[in-house]
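Survey of secondary and tertiary structure
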Amino acid sequence: MSLLATLLLLAGAALLVIAAWGVIALPDALARQHAATKAGTLALVLVCLGAGLAMAHAGDGGEWAWRLALIVVFLWITLPLASHLLARAAVRESPEQRAQAEQAELRSTR
């Protein structure tokens, strides 16, 4: 396996650990979903790139390249949408989240 592939895989794994820690440690639903989707998306893209480079180095990259590209495209499409829907649901269902969102909206209009 090439050095770049190893570095990408390790960076992706480290970001996934950081995202998981953020989901556990952050105080509210909006902060947790932000950590999960932002860091998780970048981490999974790095893992897919690292896996693609590892397969190319092994001589089997052609069969895997389109699959990994498809995974990345689906991640880029679905994770932000899921994050947005989770954030809307958290704001609608939680009175304190709704109050925070209203205060933030008032601050932004001034």
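Take the packing of helix α1 (residues 3-25) against helix α2 (residues 29-58) next. When two helices pack together, their arrangement is captured by the angle between the axes and the distance separating the axes. Contact geometry for α1 and α2: axes closest at 7 Å, N-to-C directions at 165 degrees. Looking at the two axes, α1 sits roughly antiparallel to α2. At the point where α1 passes α2, the crossing takes the left-handed sense. Its residues assigned to classes, the contact of α1 with α2 shows 22 nonpolar, four polar and one charged.

Time to look at α1. Note that an α-helix has 3.6 residues per turn; residues three or four places apart therefore point the same way. For α1, which comprises 23 residues, the first-to-last C-alpha distance of 32 Å matches the rise-based estimate of 33 Å (1.5 Å per residue) to within 8%. Listed in full, the buried residues belonging to α1 are A5, L8, G12, L15, A19 and G22. Contact partners of the buried residues in α1: α2.

Among the secondary structure elements, D28 is positioned in the loop between α1 and α2. By relative accessible area, D28 is classed as buried at 19%. As for D28 and A104, which are separated by 76 residues in sequence, their C-alpha atoms are 15 Å apart.

Definitions and cut-offs
Sequence order as written defines the numbering, with residues in each chain counted from 1. Local features in this predicted model are restricted to residues of pLDDT 70 or higher, and side-chain atom pairs are both shown and tallied only at a pLDDT of 80 or more, whereas totals for entire chains, interfaces and linings draw on every residue. Remark: hydrogens and water are excluded; side-chain values derive from all non-hydrogen atoms of the structure. Only the stretch in contact is used when a helix axis is fitted, and all axes are lines through C-alpha atoms; the angle between N-to-C directions ranges over 0 to 180 degrees. Strands are runs of DSSP state E lasting at least 2 residues, helices are runs of H or I lasting at least 4, and numbering of each runs from the N terminus. With respect to orientation, any angle under 35 degrees is reported as roughly parallel, any angle over 145 as roughly antiparallel, any angle of 65 to 115 as roughly perpendicular, and every other angle as oblique. Definitions for this section: a left-handed crossing has its near helix turned counterclockwise from the far helix by less than a right angle. A right-handed crossing has that turn clockwise. Each residue is assigned to one of three groups, with Ala, Val, Leu, Ile, Met, Phe, Trp, Tyr, Cys and Pro labelled nonpolar, Asp, Glu, Lys and Arg labelled charged, and all others, Gly among them, labelled polar. Here the expected length of a helix is defined as 1.5 Å per residue gap, with one fewer gap than residues. Relative accessibility thresholds used throughout: buried, under 20% of the residue-type maximum; exposed, over 50%; partly exposed, between the two (1.4 Å probe, protein chains only). Whether two residues are in contact is decided by their heavy atoms: any pair within 4.5 Å suffices.

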